[in-house]
Amino acid sequence: YLGQQVGLWLFEGFTTRTSRAHNYAVVLYGLHLAELACQRYDIAADDFARNSLFEKWERFWALATLESHGGRLARGHEDSMRGVRGASRAWFEGSKPLRLDYTLISRQTELGSLGAYLSSLRTYGLVVPGTLRTSPAAKAIIDAFWDEPDQNQAINQYEAYALYALDPQRETIERKHGRITLATLGQKSRLSSLMERGRHVQQDRLWRALFLNARDGTTLPLAHQLIAAQRDSVFDSVELLKGMLKGRWGPLDPPVRDLVQTAMAFGRFAQLILDRFARAYGSIHTSDWIADFERTAAVAFPTEEMTEVRVACQNVLRAPAAARFRKLVFHGSPMMQLAVELLAADSSTSLDRLLVFHRAVQQSRRGGGSWIRRQDDKLILQVTNYTGHRSDAAFPNFKLWVVRSLLRDLGRFA
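Residues numbered from 1 in each chain as written. Predicted model: local features only at pLDDT ≥ 70, side-chain atom pairs only at ≥ 80, totals over all residues. Heavy atoms only, no water.

Chemist: Pulling in residues and values, what's your account of the overall build of the chain?
Modeler: Across its full length, the chain carries 20 helices and seven strands. Principal axes of the C-alpha set define a box for the chain whose edges measure 75 × 50 × 35 Å. Of the contacts formed within the chain by residues at least 6 apart in sequence, a portion of 70% connects residues at least 24 apart. Of the accessible surface of the chain, which amounts to about 19200 Å², a share of 48% is contributed by carbon and sulfur atoms. For the chain, the distance from the average site of its 54 positive side-chain charges to the average site of its 43 negative ones is 1 Å. (Helix = DSSP H or I, 4+ residues; strand = E, 2+ residues; numbered from the N terminus. Contact = heavy atoms within 4.5 Å. Areas by Shrake-Rupley, 256 points an atom, 1.4 Å probe, with all protein chains shown as cover. Lys, Arg positive; Asp, Glu negative; His and termini not counted. Charge placed at Lys NZ, Arg CZ, Asp CG, Glu CD.)

Here's what the structure looks like:
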């Protein structure tokens, strides 16, 4: 949660799920189609109907993408969409119609593309706040969804095919409608289509909508930093933030620099604290789920490493935007209190304070208790299936990979 909040300070309009540029257009076009379908099929144009019609569009579009790949679309493929496994189960080889009423993804409203991209689309003013209606700012992106309007006379036929699929009475869809095949629709609209088809004008529209029009004062300058870093083949989050702070890719305005510095300080602190928790958990786990407190404290917080802990605490407490943590609804103030307590703590006190923080986080997240219970001089595992202790703690990404993915889709890494 805290890492996501820092990522939000850096890139206000994006989330950890908004990683593909063309998916913005897919969602906008689907909402546009829902409006048209309400008119075509005499449906009351409320948000319930729009959502239901959008979900049908998403299932249709997923089948078209699969059809364009002959049904072979593994997770991790550049055209793999949200719900690819559900779509793959529904698709079959041949020429017979495909069902449209399959389950794309459980809780599609929340976990599908609409749930993933809606808040971002509203932030950018492409969807009217509080509604499922596209705004005038989205019109050019929608009009050019399939192709540039002045370059392809078949656009109306593509839209007619999609509208045909959205008929509420229709449970299956033929693989050809008029002269247009389902595979053609998939090839025109799959997630890689912006780059694959050299759609530079549409890329520029989305670049303007998502970066040039960003209002937070950080998204655009940090995007320019990532573009420059790409040319130097720098991808690691730590190296990216270090390079930005050193001015390797040009100077940052003071407010942006302050946030980058805060992200670096928090990232180091978070990584270190998670590592110490993993050490404690791992030590108890290998001791058959019960271990001596003092011995575990020495493993988690060795005396010779306490200087590193204190430096990390000092840096996060002194970070330029540190006050923002205390204003967060969850976890921010307890985290800052933990940093204060660790400044002068020995190994035993450090572990004790970390477990108090952990218990507070668990209670606020799930209303549950700590994974590790202290009983006199012993520590006992309450949750025994955690596996994160088996690998090194990762430095938070702060949505840097999301933005890099968007920039790649938009052709900014040429």
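Chemist: Could you give me a rundown of the environment of P221, with the residues and numbers involved?
Modeler: In this fold, P221 is placed in helix α12 (residues 219-231). On the accessibility criterion, P221 (28% relative accessible area) is partly exposed. The sequence separation of P221 and R179 amounts to 42 residues, and the corresponding C-alpha distance is 46 Å. (Buried < 20%, exposed > 50% of the residue type's maximum accessible area, 1.4 Å probe, protein only.)

Chemist: Pulling in residues and values, what's your account of the packing of helix α18 (residues 332-342) against helix α19 (residues 347-366)?
Modeler: Any two packed helices are characterised by the angle at which their axes cross and by the distance between the axes. Put simply, α18 and α19 touch, their axes get as near as 10 Å, and they point 175° apart. Here α18 lies roughly antiparallel to α19, going by the angle between them. Where α18 approaches α19, its residues P334, M335, L338, E341 and L342 are matched on the opposing element by S350, R353, L354 and F357. (Axes fitted to C-alpha atoms, helices over the stretch in contact; angles between N-to-C directions. Parallel < 35°, antiparallel > 145°, perpendicular 65-115°, else oblique.)

Chemist: How would you sum up a negative patch on the surface? Please name residues and give values.
Modeler: Together, E294, D346, D376 and D377 line one region of the surface with negative charge. If you trace the backbone, D377 turns up in the loop between β6 (372-375) and β7 (378-381). Taking the relative accessible area as the measure of exposure, D377 reaches 44% and is therefore partly exposed. (Patch = residues over 30% accessible without salt bridge, like charges linked within 9 Å, V, L, I, M, F, W, Y side chains within 5 Å. Salt bridge = Lys/Arg side-chain N within 4 Å of Asp/Glu carboxyl O.)

Chemist: Lay out the pairing of β6 with the relevant residues and their values.
Modeler: Relative to β7, β6 runs antiparallel, the two being bridged by four bridges. Bridging from a neighbouring strand, Q375 pairs with K378 of β7. Following β6, the chain reverses through two residues before pairing antiparallel with β7; D376 in that reversal takes a positive phi of roughly 60°. (Pairing = 2+ DSSP bridges.)

Chemist: Which residues make up helix α1 (residues 2-10), and what values do they have?
Modeler: Residues L2, Q5, V6, G7, W9 and L10 constitute the buried set of α1. Those residues of α1 hidden inside the fold are in contact with α12, α14 (254-285), α17 (323-326) and α18.

Chemist: Please give an account of the nonpolar core that cites residues and values.
Modeler: By size, the foremost hydrophobic cluster in this structure holds 139 residues, and its most contacted members are W57, F60, F211 and F325. The greatest single-element share of this core, amounting to 14 residues, is contributed by α14. Not counting chain neighbours up to four residues away, the residues in contact with F325 comprise L2, V6, W9, T262, F266, V316, G332, S333, M335 and M336. (Core = buried A, V, L, I, M, F, W, Y, C linked by side-chain atoms within 4.5 Å.)

Chemist: Give a detailed account of the sheet that holds β7, specifying residues and quantitative values.
Modeler: Strand order in this open sheet of three strands is β5-β7-β6, and the pairing throughout is antiparallel. With partners counted over all chains shown, the strands left at the sheet margins are β5 (290-292) and β6, one partner each. Direction aside, the axes of adjacent strands within the sheet are offset by 25° on average. When β5 meets β7, the two strands line up antiparallel, connected through three bridges. Note on β7: the bridge partner recorded for I290 is I380.

Chemist: Which residues make up the packing of aromatic side chains, and what values go with them?
Modeler: Considering all chains together, one arrives at 23 aromatic pairs under this definition. Taking 5.4 Å as the distance between ring centres and 50° as the angle between the ring planes, the aromatic pair formed by F14 and F211 counts as tilted. Here F211 lies in helix α11 (residues 200-212) and F14 lies in the loop between α1 and α2 (21-40), a separation of 197 residues in the sequence. For the pair F14 and F211, one class covers both residues: buried. Pairing F145 with W146 gives two aromatic rings, centres 4.9 Å apart and planes at 80°, and the pair type is edge-to-face. With respect to class, F145 is no different from W146; both count as buried. Among the aromatic residues, those joined into a ring-pair cluster are Y29, W57, F60, F145, W146, Y158 and Y161. Taking the ring centre of Y164 as reference, the NZ or CZ of R170 above it sits at 3.7 Å. (Phe/Tyr/Trp six-rings, centres within 6.5 Å; stacked < 30°, edge-to-face > 60°. Lys NZ or Arg CZ within 6 Å of the ring centre and 35° of its normal.)

Chemist: Explain the pattern of salt bridges to me, using residue names and the numbers behind them.
Modeler: Note that side chains of opposite charge can pair when their charged atoms are close. Tallying each qualifying case throughout the model produces 26 salt bridges. For R190, the salt bridge identified is with E196, shortest N-O distance 2.9 Å. Across the pair E305 and R279 runs a salt bridge, and its minimum N-O distance is 2.9 Å. Of the two residues, E305 sits in the loop between α15 (293-300) and α16 (306-318) while R279 sits in helix α14, which places them 26 residues apart along the sequence. Residue classification places E305 among the partly exposed residues on the basis of a relative accessible area of 23%. Because the salt bridges share partners, they merge into one network encompassing D275, R276, R279, E305 and E308.

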